[in-house]
Amino acid sequence: MWAGRRRRGGSWSVRGWRPGEAMLDAGAFVGAAARAAAGRGVRAVALDVVPDFLAAGRAMSHGAGVAWVTADARRLPFASGAFASVWCLESSIFPRELSRVARTTGATLCLGCEAPADGRGGLEAFLDEWAEYGWRLAAHRPLTLEALATWRRCEAELVARRPHFEARYGSRGYLRQLDHLAALVAMYERGSAGHALMVLER
Ligand SMILES: C[S@@+](CC[C@H](N)C(=O)[O-])C[C@H]1O[C@@H](n2cnc3c(N)ncnc32)[C@H](O)[C@@H]1O
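Residues numbered from 1 in each chain as written. Predicted model: local features only at pLDDT ≥ 70, side-chain atom pairs only at ≥ 80, totals over all residues.

Quick look at the site of the ligand
In the vicinity of the ligand, 15 residues are found, and the nearest of them are Gly-27, Phe-29, Ala-73, Leu-89 and Ser-92. The residue inventory of the shell around the ligand, partitioned by class, reads nine nonpolar, two polar and four charged. (Near = placed C-beta within 6 Å. Nonpolar A, V, L, I, M, F, W, Y, C, P; charged D, E, K, R; others polar.)

Take a look at the structure:
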């Protein structure tokens, strides 16, 4: 399931993406979601802590139609209820802040993140936390197997191209990323965490 609904003629409609409505892409990297929204006339804002990512996104298609904001998603520099649509395709998610800046009714929240997949009530607990902010799950697509395959490929590439990555990020940076990937792979293999796309509404 997905937030988009196919219209006759093949184009997509996305809830909260009507022209003129406001959309936030938090943890945007190069703002793929924000640029797609801007291409539909949505007032899109892309936010990230790394200004270089935002500068790269600005030069990509529809980048000129996006407002690029360097800030920490833990403290969003926006008024409460400012956005009809909030996207966070990133694992550092901050429920209180993402909920605060979304409209209190008629809002959509899209998450692409690490999600409990242990079959022991973890997903319910995850959703309970969002329910405290008024969100209910509208669509859920588990992506654990796809993500695990990706993390394994990344881990293998990191090992195979160690000199390249070490020269670029230093030994500590390289080893930190390798540890992070190894931990993700182990968690996914154990089934104690997974990956999912979720659409919540309120
Ligand atoms: C997995 S990438 C996001 C990918 C992007 N959303 C996309 O769909 O292509 C994670 C991004 O989140 C950013 N990030 C991590 N923690 C953040 C925070 N506390 N506040 C803002 N951005 C953050 C990182 O700089 C990075 O660009």
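Focus on the environment of Ala-82
Mapped onto the fold, Ala-82 is located in the loop between strand S5 (66–70) and strand S6 (85–88). For the pair Ala-82 and Leu-24, spaced 58 residues apart in sequence, the C-alpha separation works out to 9.0 Å. Leave out the neighbours within four places in its chain, and Ala-82 touches Ala-22 and Val-101. (Helix = DSSP H or I, 4+ residues; strand = E, 2+ residues; numbered from the N terminus. Contact = placed C-beta atoms within 7 Å.)

Comments concerning the domain arrangement of the protein
Along its sequence, the protein is organised into domain 1 (4–143 + 192–201) and domain 2 (146–190). Counting from both sides, the interface comprises five residues of domain 1 and, opposite them, five residues of domain 2. (Domains from an automatic or database assignment.)

Focus on the sheet that holds strand S4 (residues 43–48)
The mixed open sheet is built from seven strands, whose spatial order is S5-S4-S3-S6-S7-S9-S8. On the outer flanks of this sheet lie S5 and strand S8 (136–142), each paired with one strand and no other. Shown here is a sheet whose adjacent strand axes are inclined to one another by a mean of 20 degrees, direction ignored. When S6 meets strand S7 (residues 108–115), the two strands line up parallel, connected through four bridges. Considered in S7, the bridge of Cys-88 is made with Leu-111. The sheet contacts of helix H2 (residues 51–58) involve S4 and S5, and relative to S5 the element is tilted by about 170 degrees. (Pairing = 2+ DSSP bridges. Axes fitted to C-alpha atoms, helices over the stretch in contact; angles between N-to-C directions.)

A few points about helix H6 (residues 162–190)
With 29 residues, H6 extends just 26 Å between its outermost C-alpha atoms, more than 12% less than the 42 Å of an ideal straight helix rising 1.5 Å per residue. At Gly-170, H6 shows its largest bend, some 115 degrees. Every buried residue of H6 is accounted for by Leu-181, Leu-184 and Tyr-188. Where the residues of H6 are buried, they touch helix H5 (144–160) and strand S9 (194–201). (Expected span 1.5 Å × (residues − 1). Bend = angle between axes of the 7 residues up to and from the residue. Buried ≥ 20, exposed ≤ 12 C-beta atoms within 10 Å, placed from the backbone.)

Let's talk about the pairing of strand S3 (residues 22–26)
Within S3, five of the five residues are buried, leaving the element largely enclosed by the surrounding structure. Side chains of S3 alternate between two faces, with Ala-22, Leu-24 and Ala-26 and Met-23 and Asp-25 buried alike. As paired elements, S3 and S4 share five bridges and run parallel to each other. Across the sheet, the residue bridging to Met-23 is Ala-44, located in S4. In this view, the connection linking S3 to its parallel neighbour S4 by way of helix H1 (residues 32–38) has right-handed handedness. Alignment of S3 against S6, held across three bridges, turns out to be parallel. Paired with Asp-25 across the two strands is Trp-87, which belongs to S6. (Right-handed = clockwise from strand over helix to strand, strands pointing away.)

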